[in-house]
Amino acid sequence: MSDFPVFFLHGLAYGGLLFLVSAGLTLVFGMMNVLNFAHAAMYMLGAYFSYTILRMTGQFWLSLMICPLLLFVIGAVIERFLLRRVHVFGHVHELLLTFGLAYIITEVVKWVWGNFPLAVNVGGFLGGTVEIFGITYPLYRIFIFASAALVGIMMALILYRTRLGIILRAAVNDSEMVNALGFNVPLVFMGVFAFGAALSGFAGVIAGPLLSTYPGMANEILIDAFVVIVVGGFGSLGGAVVASLIIGELQSFGVLLFPKLSLALVYLLMSVVLIIKPSGLFGEKQ
Amino acid sequence: MLEVKDIHSFYGKSHILQGVSMALKEGELVCLLGRNGVGKSTTLKSIMGLVKPSEGSIRFNEQELIGKRPYEVARLGVGYVPEDRRIFRSLTVHENLLMGIRNGAKKGGWTIERVYEQFPQLKQRRENKGGHLSGGEQQMLTVARTLMGDPKLILVDEPTEGLAPLIVKEVLEMLAAVRSSGVTVLMVEQNFKASIKVADRFYIMGKGHMVFDGDTEALLAAEEIRRNYLEV
Ligand SMILES: Nc1ncnc2c1ncn2[C@@H]1O[C@H](COP(=O)(O)OP(=O)(O)OP(=O)(O)O)[C@@H](O)[C@H]1O
Ligand SMILES: [Mg+2]
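Residues numbered from 1 in each chain as written. Chains lettered and ligands numbered in written order. Predicted model: local features only at pLDDT ≥ 70, side-chain atom pairs only at ≥ 80, totals over all residues. Heavy atoms only, no water.

Trainee: I keep staring at the pattern of salt bridges and nothing clicks. Help me out?
Mentor: Any two side chains of opposite charge can pair, on the condition that their charged atoms come close. One pass over the full model with this rule turns up 13 salt bridges over all chains. Residues Glu176(A) and Arg86(B) are paired through a salt bridge, measuring 2.7 Å at the closest nitrogen-oxygen approach. In this pair, Glu176(A) sits in helix H6 (residues 163-180) while Arg86(B) sits in the loop between strand S6 (78-81) and helix H3 (93-100), so the two residues belong to two different chains. The class of Arg86(B) is buried, set by a relative accessible area of 18%. Between Arg125(B) and Glu137(B) there is a salt bridge whose closest N-O contact spans 3.0 Å. One end of the pair, Arg125(B), is in the loop between helix H5 (120-124) and helix H6 (135-147); the other, Glu137(B), is in helix H6, with twelve residues separating them in the sequence. Its relative accessible area of 21% is what places Arg125(B) among the partly exposed residues. Where salt bridges share partners, they join Asp174(A), Glu176(A) and Arg86(B) into one cluster. (Salt bridge = Lys/Arg side-chain N within 4 Å of Asp/Glu carboxyl O. Helix = DSSP H or I, 4+ residues; strand = E, 2+ residues; numbered from the N terminus. Buried < 20%, exposed > 50% of the residue type's maximum accessible area, 1.4 Å probe, protein only.)

What follows is the structure, encoded as structure tokens:
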């Protein structure tokens, strides 16, 4: 198994990316009870926006800052003007809305950028390699893992060390009660949804150079992200961390050990977890 | 201070409140009695903005509450202590109390220190998760959490439900103390015998509307009403 370090590092990188996508998804679900099917579509938008910005400026870091901002605004608008209106009609309508949005975004992407894969290169310093575990490894994949770790640490600090974090965790338990205690919960929801969208945009920028940028990329990651939040436990950030790493490694070593079965392994894991602990590894209720 | 006039509230198509009216003066402790399912909780939720009445008016210190959202009602100085307590399970006792502090509502009234003085049990359990408290402790915590927001009026829904008799007494004494500190209290109760010791005035609700309004003496005299509208 001389390939072990390579596959391990691949797993970390993909796990990091998965975390960036599923953190927003699980946060929005935990708080608003909305399983956002459009989440991965917003991730894809991030990747395409980044493609265009890179074409225009060649500045990866610039893109990494601008795309999340754009997605933040898009997320805020979706929450404020679409999701909030549909909310009174119940979860099924919210689900259908996000489903429809995913379709629309995908069609718009095909229409604007074309229905074929686009190549995105980071170039520069991040495009280089490093020596690690006695192998030469692409720096970019390490960068992915490091950014995911950074984002995870920042989110944990906000959630567990600030007053805003207390409000957010309370809203996961019982948002109506938070409202009755005098907090503008609709505004909190908009902020959380927009933040989730920004995170997915960030993930999209990062995914561009790693995976290919094409209209099917949303559905491709959506399945893995859903598995992550089911395995980790709906609404649990810690669960998302652990499950992302497990799925990342499973996907990576799955390809090495059972090339034909790597996707099945993911479902197998999900089934086992659901049988043993239906609320997920770190889930609380239901 | 609070004037509810002829409100009608619905859950979907079921017409729950069919013209409820009541009024509270500042400093009173008023108890709302009535059988299961007549709409007592719905009355409190309507005041709080958690249920939106389709008709009528609710005035709090001359402000119309209908149409306001719960957080706006809370910011005007109305505290809500719900039926099932609704402690934030995964937050510690201390964090639950911090959640009671409203943005920009620092008037030097209730502080964490004062709450811990008043409720020593909560201080002992400050680092425990809300979900791990006993029923009595949860009731203390939910009231204390609401007090942290310095409300002028608190709406308390069945604070003694499911508690042992000794704790019931403690909780009612606590509410009397809260009233003495200058907070007006509207309390929903099933436990008529216990509430009679602390309340100034009573309302009794029949299905969807009020059937009685009076003080302790009047309530004790109104045998017929008690027989028809309260569980014995
Ligand atoms: N969310 C809801 N959806 C539909 N119907 C409801 C809902 N909540 C309460 N009801 C119904 O409305 C009626 C009044 O309920 P409410 O909770 O106000 O009664 P209550 O007087 O507080 O009773 P209890 O003493 O049991 O708490 C009941 O018939 C109840 O079944
Ligand atoms: Mg009730």
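Trainee: Honestly, H3(B) in this entry has me stumped. Any pointers?
Mentor: Every α-helix winds through 3.6 residues per turn, so residues three or four apart in the chain are directed the same way. Among the eight residues of H3(B), seven are classified as buried, and the element is accordingly described as predominantly covered. In the core, the buried residues of H3(B) are packed alongside H6 of chain A together with helix H4 (112-118), H5 and H6 of chain B. (Contact = heavy atoms within 4.5 Å.)

Trainee: It is not clear to me how empty space enclosed by the protein should be interpreted in this structure. Could you clarify?
Mentor: Any empty space left between atoms is shown by rolling a water-sized probe over those atoms. Residue and element names in this part refer to chain B. By the definition in use, this model includes two cavities of 30 Å³ or more. Roughly 80 Å³ of internal volume is contained in the largest cavity. Val78, Gly79, Arg102, Thr146 and Gly149 are, among the 13 residues lining the largest cavity, the residues nearest its centre. At the level of secondary structure, the elements contributing two or more residues to the lining of the largest cavity comprise S6 and H6. When residues of the lining of the largest cavity are assigned to their parent elements, the largest contribution, three residues, is made by S6. Grouping the amino acids of the lining of the largest cavity by side-chain chemistry returns six nonpolar, five polar and two charged. (1 Å grid on protein atoms, 1.4 Å probe; cavity = no way out; pocket = protein on both sides within 12 Å on 5 of 7 lines; lining within 4 Å. Points joined across faces, edges and corners; volume = space filled by probe spheres on them. Nonpolar A, V, L, I, M, F, W, Y, C, P; charged D, E, K, R; others polar.)

Trainee: Honestly, the interface of chain A and chain B in this entry has me stumped. Any pointers?
Mentor: Many structure descriptions define interface size as the accessible area lost when the parts assemble. Between chain A and chain B, the residue contacts involve 21 residues of the former and 23 residues of the latter. Both sides of the chain A and chain B interface together cover about 2100 Å² of buried area, and 55% of this is carbon and sulfur. Applying the counting rule to chain A against chain B returns three salt bridges. The closest approach of N and O atoms between Glu95(B) and Arg169(A), which form a salt bridge, is 2.8 Å. (Buried area = accessible area lost by both parts, 1.4 Å probe.)

Trainee: Just to check I follow, could you spell out the sheet that holds strand S9 (residues 201-205) of chain B for this structure?
Mentor: Paired through backbone hydrogen bonds, the strands of a sheet run either parallel or antiparallel to each other. Residue and element names in this part refer to chain B. Within the open sheet, the six strands sit side by side as S6-S7-S8-S3-S9-S10. Their pairing is mixed. Looking at the sheet topology across the chains shown, the edges are occupied by S6 and strand S10 (210-215). With direction set aside, neighbouring strand axes in the sheet form an average angle of 15°. Direction of pairing for S6 relative to strand S7 (residues 153-157): parallel, over a ladder of four bridges. By the bridge assignment, Gly79 is partnered in S7 with Ile154. Docked against the sheet, H6 engages S6 and S7, running at close to 165° with respect to S6. In the packing of helix H7 (residues 165-180) onto the sheet, contacts are made with strand S3 (29-34), S7 and strand S8 (184-188), and the angle to S8 comes to roughly 150°. (Pairing = 2+ DSSP bridges. Axes fitted to C-alpha atoms, helices over the stretch in contact; angles between N-to-C directions.)

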